[in-house]
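Per-entry structural report
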Amino acid sequence: MCGIVGYVGKNEKKEILLDGLQELEYRGYDSAGIAIIEDKQLKNFKAVGKLQNLRDKTKDYASEGFGVSIGHTRWATHGKPTELNAHPHMGAYSFVVHNGIIENYQELKDELQAQGVKFLSQTDTETIVHLFEKNHNINNNPWKAFQDTISKLEGAYATLLITEADEETIFFAKNGSPMLIGFNGSDIYFASSDTPIIGKATEVYYLEDGEFGYAKNGEIKLFDANGAKSFSKQPLATDKAMAQKDGYRFFMEKEIYEQAQVMNDTMMGRLLDDKIDFEELDENLFENITNIKICACGTSYHSALASSYLFERISKIPCQVEIASEFRYKEPLLRDDTLFITISQSGETADTLEALKMAKKAGLKSLSICNVDNSSIVRESDAAVLTRAGIEKGVASTKAFATQTMVLWMLAIYVAQAKNSIDSELLKKELDAMRHTPKALVVDEKLHTKMTRLSKRYLHGHGFFFIGRDIFFPLALEGALKLKEISYLHAEGYPSGEMKHGPIALADAELFTVALMPKSLHYDKIKSNVEELCARDATVLAISPDSFDLADDFVKTKYDAHPMLEFFEMMVVTQLLALEISVRLGNDVDMPRNLAKSVTVE
Ligand code: F6R
């Protein structure tokens, strides 16, 4: 997804921009560009594809002395990934970068074109720079021209603009897309998330929707609809070490191995001797709540779905789960005795954020489960529980899913405690199982070697079914999603009992079935479903603590004392399977094609 970096100061601007954009690479992009004004000279470079292409193009350029600069990684929304469509977009004497979508761009573009303005790109963003220059040509006042411009924009944006008409200033505005300002002495940085400025800025201010202003002479002037406003900076995190690869081949691999460790962080201070406690939650949050609704997308949706079984079984509270992009437009009937939970790794997913805003508008209490503090979803929610997974760089989510699921499991128990719906024996059993979870997540080298070996048999065929029952059905969905994201092979997750209602028609030796066969939950039921597939000659990879003679391949798991332990152990197996198939196919594991880490457009 698009990323923004900006800098105003005396340091080498090209390197600051390129290094910053590099930090945003993991979000996914298809082109990149930078624009710099120094000594009244405007320079602009763009390249399609990886950032290295932009580095190659700029290798003979260095920017010394005071100046202003903006950079962008683009993930195509309006118009193909071409150099012309890459940001920064250019007018006659100004440049702009933008994240989000300008919904009324066509109307603005038509107006400008009717006045003779020529557009070079197919993007919505280009309208911003032309509108700015049109306003400036009328009033000869860059700040007023910028304000007039943003007052015309509808939709979501985080935008930076530089212009030769005021060559020491960066103009900025934020509405609906993330943007922050970093400070270090008189140096000022802008970015769409904090990773590009960690190690450079020491303090940060996270812009709110509707805020805009400009950076000049080492100072920020901030405004909103009510006029000038003050703001407080906060210290910026300094630890980037966690975000490095630590000797693993891929971030995804490192993140799979990290799960055992980060799970301890997730549970710390929350899993107590005899209960679950979330000190960040106010007990009133659950007052008068008789129902839970969860909204999320992708992998986060899968953790939500798994938790719905736990909320109903353990907390005895009705729980519905919805895909955020569907929820937004179905005109949902919402009741204020419903707790609205959103789940998001990034905290910036546009559909989830909008679903949350709708629920809030309808008067529902809201809780977010998120990996990124200060993200838009966290700030928008009444309460938040952080998953504490650390920065996740692999586009295919792994440790974020594991920690979301753990938080939700803990939350199900927390709600059960609050509602007195759990007896002491079950509570003890759940807490004991939780304590063992990090062990179930440790990647056994022998298992990894086995998955590497097995993967060579699964590189072709006409598709994969991942099947499971109960909480293993969402895990099957997640296993299939992981595989298709990074292998580009077709994979589907199915409830195993549903196969005979249609999908079993596909069964033959070229249909690969990954069967999740936990011992502690409905083993006999799933066993007979898998036998039905074996009888039709499907190729079966069974994952289970109990041997299963009919399987073509078998992975033996160890932790069968509790369904959640089996869940986490099997999750690791499916992650390694996807990873090793992708490696054999020669794909880009960390940055799979067409995908973005943070989906800030609907
Ligand atoms: C898959 C994946 C995506 C995200 C989805 C929601 O590996 O990462 O499916 O889960 O785009 O993103 P978040 O959780 O950031 O809201």
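The present account deals with the structure reproduced in this document. (Residues numbered from 1 in each chain as written. Predicted model: local features only at pLDDT ≥ 70, side-chain atom pairs only at ≥ 80, totals over all residues. Heavy atoms only, no water.)

1. A few points about the sheet that holds strand β4 (residues 67–74)
Taken together, eight strands build an open sheet; the order of strands is β3-β2-β4-β1-β10-β9-β11-β15 and the sheet is antiparallel. Each edge of the sheet is formed by a strand with only one pairing partner; in this case those strands are β3 (41–48) and β15 (234–235). The sheet contact formed by strand β1 (residues 3–9) and strand β10 (residues 187–191) spans four bridges and is antiparallel. Looking across to β10, one finds that Gly6 is bridged to Phe190. Across the sheet, helix α1 (residues 13–24) touches β1, β2 (31–38), β4 and β10, and the angle it forms with β1 is around 155 degrees. (Pairing = 2+ DSSP bridges. Helix = DSSP H or I, 4+ residues; strand = E, 2+ residues; numbered from the N terminus. Contact = heavy atoms within 4.5 Å. Axes fitted to C-alpha atoms, helices over the stretch in contact; angles between N-to-C directions.)

2. What to know about helix α6 (residues 251–267)
The terminal C-alpha atoms of α6 lie 23 Å apart, and with 17 residues this matches the ideal 24 Å at 1.5 Å per residue to within 8%. Along its length, α6 shows its largest kink, about 55 degrees, at Gln259. In terms of burial, α6 is a largely internal element, 14 of the 17 residues being buried. Gly269 sits one or two positions beyond α6 and adopts a positive phi of about 75 degrees. (Expected span 1.5 Å × (residues − 1). Bend = angle between axes of the 7 residues up to and from the residue. Buried < 20%, exposed > 50% of the residue type's maximum accessible area, 1.4 Å probe, protein only.)

3. Quick look at the sheet that holds strand β19 (residues 365–370)
Read across the sheet, five strands follow the order β17-β16-β18-β19-β20 without closing on themselves; strand pairing throughout is parallel. Edge positions in the sheet fall to β17 (319–323) and β20 (383–386), since each of these pairs with one other strand and no more. On average, adjacent strands in this sheet sit at an angle of 20 degrees to one another, irrespective of strand direction. Of the pairings in the sheet, the one linking β19 to β20 comprises four bridges and is parallel in character. From the neighbouring strand, Ser368 faces β20, where its bridge partner is Ala384. Along the sheet, helix α7 (residues 298–315) contacts β16 (291–296), β17 and β18 (338–344); its crossing angle with β17, the most-contacted strand, is approximately 170 degrees. Across the sheet, helix α9 (residues 350–361) lies against β16, β18 and β19, angled at about 165 degrees from β18, the strand it touches most.

4. Digging into the pairing of strand β9 (residues 180–184)
By the criterion of burial, β9 is predominantly enclosed, with four of the five residues buried. Sheet analysis places β9 next to β10, joined by five bridges and oriented antiparallel. Residue pairing for β10: Gly182 is matched across the bridge by Tyr189. Where β9 hands over to β10, the hairpin turn is made up of two residues, of which Gly185 adopts a positive phi near 60 degrees. As defined by bridge partners, β9 adjoins strand β11 (residues 203–206) across four bridges and the pair is classed as antiparallel. Directly across from Ile181, in β11, lies its bridge partner Tyr205.

5. A few points about the packing of α6 against helix α16 (residues 563–584)
Where α6 meets α16, the axes come as close as 10 Å, and the angle between the chain directions of the two elements is 165 degrees. As judged from the angle between their axes, α6 and α16 are roughly antiparallel. Considering the relative orientation of α6 and α16, their crossing is left-handed. Residues Met252, Glu253, Ile256, Gln259 and Met263 of α6 touch α16, and the partners they reach there are Phe568, Met571, Val572, Gln575, Leu576 and Leu579. Classifying every residue of the contact of α6 with α16 by side-chain character gives eight nonpolar, two polar and one charged. (Parallel < 35°, antiparallel > 145°, perpendicular 65-115°, else oblique. Left-handed = near helix turned anticlockwise from the far one by under 90°. Nonpolar A, V, L, I, M, F, W, Y, C, P; charged D, E, K, R; others polar.)

6. Section: unusual backbone geometry
Following His87, the chain continues to Pro88 via a peptide bond in cis, the omega torsion being -5 degrees. Of note in this structure, Lys40 is not a glycine but carries a positive phi near 60 degrees. Position of Lys40 among the secondary structure elements: in the loop between β2 and β3. The backbone of Asn288 sits at a positive phi, close to 60 degrees, despite the residue not being glycine. Considering the arrangement of structural elements, one finds Asn288 in the loop between α6 and β16.

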